[in-house]
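Now for the letters of each chain:
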Protein chains: 4
Amino acid sequence: MNFPKLREEVLDSNLDLVRQGLVLYTFGNVSGISRADGVVVIKPSGVPYDRLKPGDLVATDLEGNILEGDLRPSSDLPTHLVLYNAFPGIGGVAHSHSEYATSWAQARRPIPCFGTTHADYFQGAVPVTQPMTDAEIATNYEENTGQVIVRTFSGIDYESIPAVLEISEDYEANTGHAIVRTFRDIDYSAIPGVLVANHAPFAWGPDAKSAAHNAVIVEAVARMAFFTTAINPDAQSVGRKLHHKHYFRKHGNHAYYGQTKEEK
Amino acid sequence: MNFPKLREEVLDSNLDLVRQGLVLYTFGNVSGISRADGVVVIKPSGVPYDRLKPGDLVATDLEGNILEGDLRPSSDLPTHLVLYNAFPGIGGVAHSHSEYATSWAQARRPIPCFGTTHADYFQGAVPVTQPMTDAEIATNYEENTGQVIVRTFSGIDYESIPAVLEISEDYEANTGHAIVRTFRDIDYSAIPGVLVANHAPFAWGPDAKSAAHNAVIVEAVARMAFFTTAINPDAQSVGRKLHHKHYFRKHGNHAYYGQTKEEK
Amino acid sequence: MNFPKLREEVLDSNLDLVRQGLVLYTFGNVSGISRADGVVVIKPSGVPYDRLKPGDLVATDLEGNILEGDLRPSSDLPTHLVLYNAFPGIGGVAHSHSEYATSWAQARRPIPCFGTTHADYFQGAVPVTQPMTDAEIATNYEENTGQVIVRTFSGIDYESIPAVLEISEDYEANTGHAIVRTFRDIDYSAIPGVLVANHAPFAWGPDAKSAAHNAVIVEAVARMAFFTTAINPDAQSVGRKLHHKHYFRKHGNHAYYGQTKEEK
Amino acid sequence: MNFPKLREEVLDSNLDLVRQGLVLYTFGNVSGISRADGVVVIKPSGVPYDRLKPGDLVATDLEGNILEGDLRPSSDLPTHLVLYNAFPGIGGVAHSHSEYATSWAQARRPIPCFGTTHADYFQGAVPVTQPMTDAEIATNYEENTGQVIVRTFSGIDYESIPAVLEISEDYEANTGHAIVRTFRDIDYSAIPGVLVANHAPFAWGPDAKSAAHNAVIVEAVARMAFFTTAINPDAQSVGRKLHHKHYFRKHGNHAYYGQTKEEK
């Protein structure tokens with residue numbers, strides 16, 4: 001069995017979803033990628049979490065050909081693969097049906113950024129995709145789920161999504177991100193999650209652990225945004241200044257939250 | 001003590017309701033049937049779950065005559081028996097007062113299908129029965145509770161229940177279900193649960209374990225539908241295409257979710 | 001130390017509130033009475049539940065004179081005593097600040113009977129008291145809290161409380177209750193709980209264990225009534241027939257829920 | 001390692017937030033102060049709670065100079081320091097992103113005092129700060145967060161915050177508080193918590209343990225106020241008499257809740 005370290009990390013990240021209360025039965029799946037090897041490791045389909053062993057995980061290439069594994073991979077594998085191909089900076093993908101985030105997805109509403117908890121992780125609203133067309137559903141449904149996510153992050157119509165921030169001019173200097181993008185793209189690394197309309201959230205990150213972490217944060221901000229709009233239906237998204245301040249406390253060259261690598 | 005295997009499965013299915021947080025005190029009950037023997041095994045009435053032993057369960061025939069057991073069966077037994085007689089394809093029935101599903105029942109509203117979590121299990125809204133008449137309440141109340149459920153699944157007025165899907169023309173080929181039904185019946189095996197108005201949900205399945213599983217799913221989709229309508233009062237049910245896609249990922253001849261029998 | 005059995009039962013009933021999630025810190029209190037001895041045993045004030053021992057409980061007479069105990073009794077003792085004096089059929093009183101029931105009390109709204117879970121325990125809405133006057137608050141506040149509860153159960157204006165049922169003519173024959181009451185009184189044994197306006201619920205029963213049990217049920221029906229009205233703001237209370245049917249499945253001479261005494 | 005007792009208390013108070021369910025991941029922080037030594041002890045930034053040891057806590061002076069500690073202090077330290085300097089009577093500060101209180105902060109709404117649970121701890125609404133200006137965010141953000149809190153407690157416009165009580169004339173006699181304040185100031189010791197707009201709650205108290213305790217209470221009253229307004233959008237704050245009665249049952253010279261020091 002190859003890729004033992006990646007298998008361990010992906011297994012542990014899948015279990016993070018369980019520990020944080022995001023999972024019912026066999027719902028949800030996390031994958032991780034070794035870019036050097038071109039290998040994706042993902043949870044098998046429909047196997048109870050408490051029986052999962054590292055060897056049960058399925059290893060595939062970026063086209064979905066199975067390299068190792070006796071079990072079927074998660075049926076959502078094609079969605080993960082589209083994301084790995086389109087977002088070169090990510091190393092892990094997490095999908096759950098966590099209840100509040102799924103409800104925002106079912107309501108077809110982006111999660112507005114109402115406060116600093118959200119701004120700490122997402123540089124704007126958590127967007128919701130367009131509903132999929134009948135043609136997209138009929139053929140290659142899971143792959144098309146990935147495509148509709150990718151489209152959400154390119155050429156987005158900013159006016160249509162409340163509280164998505166324009167990228168400030170000094171963005172690259174502050175974050176250290178050098179990814180080429182058109183002016184109106186959302187940077188997928190600054191908004192590491194999305195709601196698939198009428199389905200559920202996907203999240204990602206530099207590795208499988210951070211992808212699962214971001215899935216947990218999506219659920220937390222979904223809960224609080226739900227309560228916030230119920231308390232005050234006219235609640236407003238935070239201003240750009242507060243949004244940037246909190247995001248850059250945790251991200252980029254000027255971050256000062258947490259310990260430096262050497263200290264940890 | 002006969003039927004030891006059925007007793008074990010029914011006991012474990014009752015405990016599934018407890019483990020999944022659907023139960024307060026002695027609320028709820030699950031039964032299972034051996035069609036070959038014509039024997040139903042059900043939880044006794046009002047006995048705490050943590051003291052239940054297989055021998056405490058009550059075995060009856062399909063008319064409710066007690067075959068084995070020193071305790072009274074659940075007072076809801078007549079409802080279970082009506083369902084076993086009317087729905088020949090089911091092998092288990094689960095009843096709970098789980099809080100969100102019960103609240104939809106109290107609100108006398110079907111649970112719309114707002115997303116793929118729901119579509120994975122129910123091929124349409126979870127319907128709500130008509131309120132029972134005073135005459136139905138006065139005599140044979142529990143049996144009439146079963147009858148009002150059965151009526152909900154026959155001759156239903158599709159217009160009156162949002163998001164109940166018409167059965168597609170190639171339905172039998174896809175699912176392998178060959179049950180004879182009139183055109184406008186709901187297939188009870190494709191919508192394995194119901195809300196009894198002002199009471200609570202009932203769910204069923206091929207055996208007691210799957211009945212309890214479906215009771216848990218009814219509660220999960222009830223929670224998410226509650227949040228969804230609160231976020232967006234104009235939230236729409238999913239389209240038929242997405243609904244069918246997800247349902248048939250898990251059910252019928254073309255299912256591709258989970259492992260095949262040989263793999264498991 | 002006298003009354004060891006009553007002390008054990010009252011302690012265990014206090015801990016029931018903790019086990020069922022009704023308690024934060026030292027909130028809440030349960031008492032029990034020995035009518036034969038004229039002795040009330042109650043939780044001491046402000047002592048953490050996990051340190052409570054039977055000997056910490058305080059024994060008083062029905063005027064509140066301390067018979068045994070080194071600690072101060074719960075500051076709500078005078079409320080309990082008023083209830084014991086006014087409601088001769090009760091043997092235990094439970095008070096909690098459980099969150100949903102307290103919220104109905106804060107909203108100054110009775111909890112309507114929306115379904116059979118409620119009807120199984122309360123023969124009508126869980127009523128809410130009138131707000132206390134400044135004079136009632138200024139002097140003998142806790143005693144007056146008891147008085148405002150008692151007033152809620154006598155000479156009640158039925159029109160002002162939705163879903164409070166008139167007592168049916170054959171009530172005594174069915175229940176076996178022979179308590180003398182005016183026609184328009186609510187029978188405190190048929191509605192064993194109340195919301196004190198802007199404060200929290202009190203519940204009672206034949207003994208301390210059943211008082212705590214009813215406090216748990218008040219919270220459960222408060223939760224479900226909250227969800228029900230959110231799903232359907234026009235949700236209606238159940239009809240009288242269904243209400244009586246469920247109440248008398250569990251109470252009175254014709255009850256058929258649970259096991260008979262001999263069977264248990 | 002100095003200040004071992006303060007370190008133990010601050011560590012335990014941080015863990016209180018975890019035990020009471022207020023914390024996700026590394027969110028939140030509690031500090032304590034030794035006024036005699038002029039030393040503040042606070043949680044380090046971004047370290048998981050389950051690995052925290054007393055020696056990981058950071059000791060600083062009141063200007064934020066680190067006296068002891070190899071790790072960075074919480075990035076919110078400057079906010080704590082402003083509070084210690086402005087509020088001479090406090091000995092501990094607790095900050096969390098607990099979900100319901102944070103949602104009220106995100107909704108920019110004070111938490112009204114709807115009942116006695118609230119009145120037991122806060123002599124008025126839990127106020128919400130003004131949103132911070134762009135200039136306050138751009139420079140010394142965390143220090144300015146403290147300043148906006150302090151401003152909330154001085155020269156407040158009572159009309160703008162529902163249910164904030166005027167200080168009664170005999171206030172000092174009853175409470176024993178002799179703190180000099182202008183007539184229209186809120187007494188920070190009578191309202192030991194605040195919501196920072198679009199951020200989250202801060203709470204404080206005579207020591208770190210009571211600060212954490214008050215943070216838990218803020219969350220509990222936030223939950224119940226959320227439910228209360230959902231049940232009854234026209235719910236009213238409690239009258240002044242009931243408010244004072246409950247507050248002074250627990251605070252000041254005439255308190256009679258709990259045990260006297262000698263009894264405990």
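For the structure, see preceding data.
Here goes a summary of the coordinates provided. (Residues numbered from 1 in each chain as written. Chains lettered and ligands numbered in written order. Predicted model: local features only at pLDDT ≥ 70, side-chain atom pairs only at ≥ 80, totals over all residues. Heavy atoms only, no water.)

Turning next to the overall build of chain A. When you go through chain A residue by residue, the secondary structure sums to nine helices and seven strands. For chain A, long-range pairs separated by at least 24 residues make up 66% of all intrachain contacts whose partners lie at least 6 apart in sequence. (Helix = DSSP H or I, 4+ residues; strand = E, 2+ residues; numbered from the N terminus. Contact = heavy atoms within 4.5 Å.)

Okay, the interface of chain B and chain A next. On the side of chain A, 31 residues touch chain B, which itself brings 33 residues to the contact. The largest per-residue losses of area from chain B upon contact with chain A belong to F227, I231 and Q259 of chain B, which jointly make up 20% of the total buried on that side. Our count for the chain B to chain A interface comes out at three salt bridges. We note a salt bridge from R249 of chain B to E142 of chain A, for which the minimum N-O separation is 2.5 Å. Our enumeration of links across chain B and chain A arrives at 19 residue pairs in polar contact (both at pLDDT 80 or more). Per-element accounting of the side of chain B that touches chain A gives the leading share, 11 residues, to helix α8 (residues 208–231) of chain B. Split into classes, the residues belonging to the side of chain B that touches chain A amount to 15 nonpolar, 13 polar and five charged. (Buried area = accessible area lost by both parts, 1.4 Å probe. Salt bridge = Lys/Arg side-chain N within 4 Å of Asp/Glu carboxyl O. Polar contact = N/O pair within 3.5 Å; in protein donor to acceptor, adjacent residues only side chain to side chain. Nonpolar A, V, L, I, M, F, W, Y, C, P; charged D, E, K, R; others polar.)

Further remarks concern the relation of the copies chain A and chain D. Once turned by 90° and shifted 0.0 Å along the axis, chain A lies on chain D with an RMSD of 0.0 Å. Here the symmetry operator amounts to a four-fold rotation axis. For chain A, the residue whose C-alpha comes nearest the rotation axis is A230 of chain A, separated from it by 5.6 Å. (Least-squares fit on C-alpha atoms with pLDDT ≥ 70 in both.)

All right, on to the packing of aromatic side chains then. By the definition in use, this model includes 44 aromatic pairs over all chains. Geometrically, the ring pair formed by F87 of chain B and Y188 of chain B is stacked, given 4.3 Å between the ring centres and 10° between the ring planes. One end of the pair, F87 of chain B, is in the loop between α2 (77–86) and β5 (92–95); the other, Y188 of chain B, is in the loop between α7 (171–175) and β6 (193–195), with 101 residues separating them in the sequence. Following the ring pairs from residue to residue traces out a cluster consisting of Y100, F226 and F227 of chain A, Y100, F226 and F227 of chain B, Y100, F226 and F227 of chain C together with Y100, F226 and F227 of chain D. Stacked on the ring of Y257 of chain A, the Lys or Arg K250 of chain A has its end atom at 4.2 Å from the ring centre. (Phe/Tyr/Trp six-rings, centres within 6.5 Å; stacked < 30°, edge-to-face > 60°. Lys NZ or Arg CZ within 6 Å of the ring centre and 35° of its normal.)

A word on the interface of chain A and chain D. Between chain A and chain D, the contact holds 33 residues from the first and 31 residues from the second. Carbon and sulfur atoms supply 55% of the area buried between chain A and chain D, which totals about 3100 Å² over both sides. Among the residues chain A hides against chain D, the three largest losses belong to F227, I231 and Q259 of chain A. Together they make up 20% of the total. One can count three salt bridges joining chain A with chain D. At the junction of chain A and chain D, the tally comes to 19 residue pairs in polar contact (both at pLDDT 80 or more). Those elements that provide at least two residues to the side of chain A that touches chain D are α4 (116–119), α8 (208–231) and α9 (240–250) of chain A. Looking at the side of chain A that touches chain D element by element, the count peaks at 11 residues for α8 of chain A.

Residue and element names in this part refer to chain D. Unusually for a residue other than glycine, R108 sits at a positive phi of about 55°. Among the secondary structure elements, R108 is positioned in the loop between α3 (99–106) and α4 (116–119). Although it is not a glycine, N198 adopts a positive phi angle of roughly 60°. Relative to the helices and strands, N198 is located in the loop between β6 (193–195) and β7 (201–205).

All names here are of chain D. Looking at the secondary structure, you find F122 in the loop between α4 and α5 (134–138). For F122, a relative accessible area of 0% corresponds to the buried category. Along the sequence, F122 and I191 sit 69 residues apart, while their C-alpha atoms lie 4.7 Å from each other. Those residues in contact with F122, other than ones at most four positions away along the chain, are A190, I191, P192, G193, N214, I217, V218, H243 and Y247. (Buried < 20%, exposed > 50% of the residue type's maximum accessible area, 1.4 Å probe, protein only.)

Time to look at the sheet that holds strand β6 (residues 193–195) of chain A. All names here are of chain A. Taken together, the seven strands give an open sheet; going across it, the order is β4-β3-β2-β1-β5-β7-β6, and neighbouring strands pair in antiparallel fashion. In this open sheet, the two strands that pair with only one neighbour each are β4 (66–68) and β6. Pairwise comparison of adjacent strand axes, ignoring direction, gives a mean angle of 25° for this sheet. Across two bridges, the pairing between strand β3 (residues 58–60) and β4 is antiparallel. Along β4, the bridge assignment pairs A59 with E68. (Pairing = 2+ DSSP bridges. Axes fitted to C-alpha atoms, helices over the stretch in contact; angles between N-to-C directions.)

Residues and elements named next belong to chain D. Taking 1.5 Å of rise per residue, the 16 residues of helix α1 (residues 4–19) would be expected to cover 22 Å, and the 22 Å separating its terminal C-alpha atoms lies within 8% of that figure. Those residues of α1 that fall on the buried side of the exposure criterion are L6, R7, V10, L11, S13, N14, D16 and L17. Along its buried surface, α1 packs onto β1 (29–34), β2 (39–42), β3 (58–60), β4 (66–68), β5 (92–95) and α8 (208–231). Two residues or fewer after α1 comes G21, characterised by a positive phi angle close to 75°. (Expected span 1.5 Å × (residues − 1).)

Residue and element names in this part refer to chain A. Along strand β2 (residues 39–42), one buried face is formed by V39 and V41 and the opposite face, lined by V40 and I42, is buried too. Pairing between strand β1 (residues 29–34) and β2: four bridges, direction antiparallel. Across the sheet, the residue bridging to G32 is V41, located in β2. Hairpin connection from β1 to β2: four residues lie between these consecutive antiparallel strands, with G38 at a positive phi of about 65°. Here three bridges tie β2 to β3, and the two strands are oriented antiparallel to one another. Paired with V41 across the strands is A59, a residue of β3.

The next thing to look at is the sheet that holds strand β7 (residues 201–205) of chain B. Residue and element names in this part refer to chain B. The antiparallel open sheet is built from seven strands, whose spatial order is β4-β3-β2-β1-β5-β7-β6. Both edges of this open sheet fall to β4 (66–68) and β6, since each of them pairs with a single strand only. Pairs of neighbouring strands in the sheet enclose a mean axial angle of 25°, with direction left out of account. Across the sheet, α8 touches β1 (29–34), β5, β6 and β7, and the angle it forms with β7 is around 140°.

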